[in-house]
Amino acid sequence: MSAQTIPKTQKVSLFNEQGDTSKIQYVEDFSTPQISSPTDVIVKNYYAGVNFIEAYFRKGIYPVSSTPYVFGREASGAVVAVGSDVKELSIGDKIAYLSPNTFAQYTKVSASNLKFVKLPSSSNDEDLKIYGSLFLQGLTALTFVNEAYNVKSDDFVLVWAAAGGVGRLIVQLAAQRGAHVIAVASTDEKLQIAKSLGAEYLVNSSSDDVAKRVEEITKGKGVAVSFDSVGKDTFETSLSALARKGHFVSYGNSSGTVTPFPLSRLSPKNIQLARPQLFGYITEKQEWDHYAEELKKLYQSGELKFEVSKVYELKDYQQAAEDLEGRKTTGKLTLKIPE
Ligand code: NDP
């Protein structure tokens, strides 16, 4: 295969204007990226994992450098063109990688700072689906239970959105370390998923008083850590559920961003607050290599259960976003990119 086989236009999912899911557009004649620097690589994508972060860019919660903004943060694909200085990758290599703009048939990345793993040339459709969807949420869960707060045996650990993409992975990793996982989710069906993955206590946020249940479960002591991806709506509950010297890991805004608060709110219980993002833990090559390798091992050995709950066609990303943001989904969603 050579660079000449790349067509001039491609199918992508993008937005031009900020707003709700109605701003998501499927465009069939978007210009295809070309090699313009010696370190450029062009990847033809197979599957691209869906992540909640797209909603933040689309709504303006996180800034975008320009529009049109092509969605996407991760994918699996095959290298179809490389710049003259690229040594790490060759045309035909199959890879899984993290990068913006993967909800597209073709994505341009720079080899100089690309977060990727090579996939065997024999990788089948199922492998490409899994590895195009595993890394962003998998590495989030893995780095956070190690570095945002190092979960220990016998810790009480509160996990919000426990059947969600990241949540269900945190549940498993924490339970495997011998922690007592308290899973929070909005339906009993979601809670049963968390239970099957190792959660010891189940709290239904639609019908239970979460803070009160945590108090009962921990006999008034509180939890060692709250992994809170919900943000605005759950900040106060997380804070009150924490034990003295507890760790508040606030890592998402699914319900909106946390309202600014005085730091002195942390003092009565000497709370340690972290607001981490995945990329801060995988910046250096050795960090990426270490965690990507560990995640692959955990998945391949069966220790970490990961599956794609639903595959949508690229043209149906708007439906996927409506389902995810409407709390209708569990686990991982992914997009099949057209040939
Ligand atoms: P999820 O699969 O967890 O989906 C979101 C879930 O959040 C819903 O299913 C729902 O679960 C819960 N939720 C609670 N309140 C709301 C609300 N008002 N609107 C929508 N959802 C709500 O998504 P992901 O696994 O993709 O992401 C989880 C979170 O982790 C996101 O906030 C994401 O931004 C964050 N994240 C952060 C990273 C970082 O580096 N900091 C990296 C990756 C993800 P329920 O119905 O059970 O309450």
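Scroll up a little and you will see the structure.
Note that the structure is predicted; figures quoted are calculated from it, not measured.

(A) Layout of the nonpolar core. Formed by 52 residues in total, the largest nonpolar core has its most connected members in Phe135, Val151, Val157, Ile170, Phe227, Val249 and Trp288. The biggest single contributor to this core is helix α3 (residues 135-148), with eight residues. Leaving out residues up to four positions away in the same chain, Val157 has contacts with Val151, Ala174, Ala179, His180, Val181, Ile182, Val225 and Phe227. Counting residues in each nonpolar core, the second largest holds 32 residues, with Tyr56, Tyr69, Val86 and Ala111 among its members.

(B) Molecular detail of the layout of surface pockets. In this structure, the largest pocket encloses a volume near 1200 Å³. In terms of lining, the largest pocket is formed by 47 residues, of which the most central are Phe52, Tyr56, Ser229, Gly252 and Ser254. Of all the secondary-structure elements, those providing two or more residues to the lining of the largest pocket are α1 (53-59), α3, α4 (165-176), β10 (180-185) and α9 (317-325). Ranked by residue count, the leading element in the lining of the largest pocket is α3, at four residues. Its residues assigned to classes, the lining of the largest pocket comprises 21 nonpolar, 19 polar and seven charged. As a volume, the second largest pocket reaches approximately 280 Å³. In terms of lining, the second largest pocket is formed by 20 residues, of which the most central are Pro68, Tyr69, Val70, Pro100 and Asn101. Counting only elements with at least two residues in the lining of the second largest pocket, the list comes to β1 (9-15), β2 (25-31), β4 (69-70) and β7 (106-110). Considering each element in turn, the lining of the second largest pocket owes the most residues, three residues, to β7. Looking at the lining of the second largest pocket residue by residue, the classes come out as twelve nonpolar, six polar and two charged.

(C) The pairing of strand β5 (residues 74-82), seen in detail. For β5, a buried count of eight out of nine residues is recorded, marking the element as mostly surrounded by other parts of the structure. When strand β3 (residues 40-49) meets β5, the two strands line up antiparallel, connected through six bridges. In the sheet register, Ile42 faces β5, and the bridge partner there is Ala81. In this structure, β5 lies alongside strand β6 (residues 94-98), joined through five bridges in antiparallel fashion.

(D) Region of the structure containing the side chain of Gln10. Relative to the elements of secondary structure, Gln10 occurs in strand β1. Look at Gln10 and you get buried, because its relative accessible area is 3%. A distance of 3.1 Å separates a polar side-chain atom of Gln10 from the backbone nitrogen of Gln105. Once you skip the residues sitting within four places of it in the chain, Gln10 turns out to touch Val27, Glu28, Asp29, Phe30, Ser31, Thr32, Pro33, Ala104, Gln105 and Tyr106.

(E) Molecular detail of the sheet that holds β4. Read from one edge to the other, the open sheet built from three strands follows the order β2-β1-β4, with strand pairing classed as antiparallel. On the outer flanks of this sheet lie β2 and β4, each paired with one strand and no other. As defined by bridge partners, β1 adjoins β4 across two bridges and the pair is classed as antiparallel. Following the sheet pairing, Phe15 is matched in β4 by Tyr69.

(F) Local environment of the packing of α3 against helix α8 (residues 285-300). For the pair α3 and α8, the least separation of the axes is 10 Å and the interaxial angle reads 105°. Considered as vectors, α3 and α8 are oriented roughly perpendicular to each other. When α3 is examined against α8, the residues Phe135, Gly138, Leu139, Leu142, Thr143, Asn146 and Glu147 are found in contact with a partner set consisting of Trp288, Tyr291, Ala292, Glu294, Leu295, Lys296 and Leu298.

(G) Structural context of the packing of aromatic side chains. Overall, the coordinates contain 19 aromatic pairs when judged by the stated rule. Aromatic pair Phe144 and Tyr281: ring centres 5.8 Å apart, planes at 75°, arrangement edge-to-face. Here the residue Phe144 occupies a position in helix α3, and Tyr281 occupies one in the loop between β14 (272-274) and α8, the gap between them amounting to 137 residues. Owing to a relative accessible area of 15%, Tyr281 belongs among the buried residues under this scheme. Both rings, one in Tyr299 and one in Phe306, keep their centres 6.5 Å apart while their planes meet at 85°; by these two values the pair is edge-to-face. You can call Tyr299 partly exposed: its relative accessible area is 22%. Every member of this aromatic cluster is reached through a ring pair, and the members are Phe15, Phe52, Tyr56, Phe57, Tyr62, Tyr69, Phe71, Phe103 and Tyr317.

(H) Layout of α8. Taking 1.5 Å of rise per residue, the 16 residues of α8 would be expected to cover 22 Å, and the 22 Å separating its terminal C-alpha atoms lies within 8% of that figure. Every buried residue of α8 is listed here: Trp288, Tyr291, Ala292, Leu295, Lys296 and Leu298. Down the axis, α8 shows its buried residues gathered within 160° of arc, on one side only. Every exposed residue of α8 that faces more than 90 degrees away from the buried side is listed here: Gln286, Lys297 and Gln300. Turning to α8, the residues buried within the fold contact β6, β8 (115-119), α2 (125-131), α3 and α4. Once α8 ends, the next one or two residues include Gly302, with phi positive near 85°.

(I) Highlighting the site of the ligand. What surrounds the ligand is a group of 28 residues, the closest being Tyr56, Ser186, Lys190, Ser254 and Leu278. Contacts to the ligand include Gly165, whose backbone N or O atom sits 2.9 Å from an oxygen atom. In this structure the site holding the ligand corresponds to the largest pocket. When contributions to the shell around the ligand are tallied by element, the ones reaching two or more residues are α3, α4 and α9. Counting residues per element, the shell around the ligand draws most heavily on α3, at four residues. By residue class, the composition of the shell around the ligand is twelve nonpolar, twelve polar and four charged.

Rules of the game
- Residues numbered from 1 in each chain as written.
- Predicted model: local features only at pLDDT ≥ 70, side-chain atom pairs only at ≥ 80, totals over all residues.
- Heavy atoms only, no water.
- Core = buried A, V, L, I, M, F, W, Y, C linked by side-chain atoms within 4.5 Å.
- Buried < 20%, exposed > 50% of the residue type's maximum accessible area, 1.4 Å probe, protein only.
- Helix = DSSP H or I, 4+ residues; strand = E, 2+ residues; numbered from the N terminus.
- Contact = heavy atoms within 4.5 Å.
- 1 Å grid on protein atoms, 1.4 Å probe; cavity = no way out; pocket = protein on both sides within 12 Å on 5 of 7 lines; lining within 4 Å.
- Points joined across faces, edges and corners; volume = space filled by probe spheres on them.
- Nonpolar A, V, L, I, M, F, W, Y, C, P; charged D, E, K, R; others polar.
- Pairing = 2+ DSSP bridges.
- Polar contact = N/O pair within 3.5 Å; in protein donor to acceptor, adjacent residues only side chain to side chain.
- Axes fitted to C-alpha atoms, helices over the stretch in contact; angles between N-to-C directions.
- Parallel < 35°, antiparallel > 145°, perpendicular 65-115°, else oblique.
- Phe/Tyr/Trp six-rings, centres within 6.5 Å; stacked < 30°, edge-to-face > 60°.
- Expected span 1.5 Å × (residues − 1).
- Arc of directions from axis to C-beta.
- Near = heavy atom within 4 Å.
- Sits in = over half its atoms within 2 Å of the grid points.

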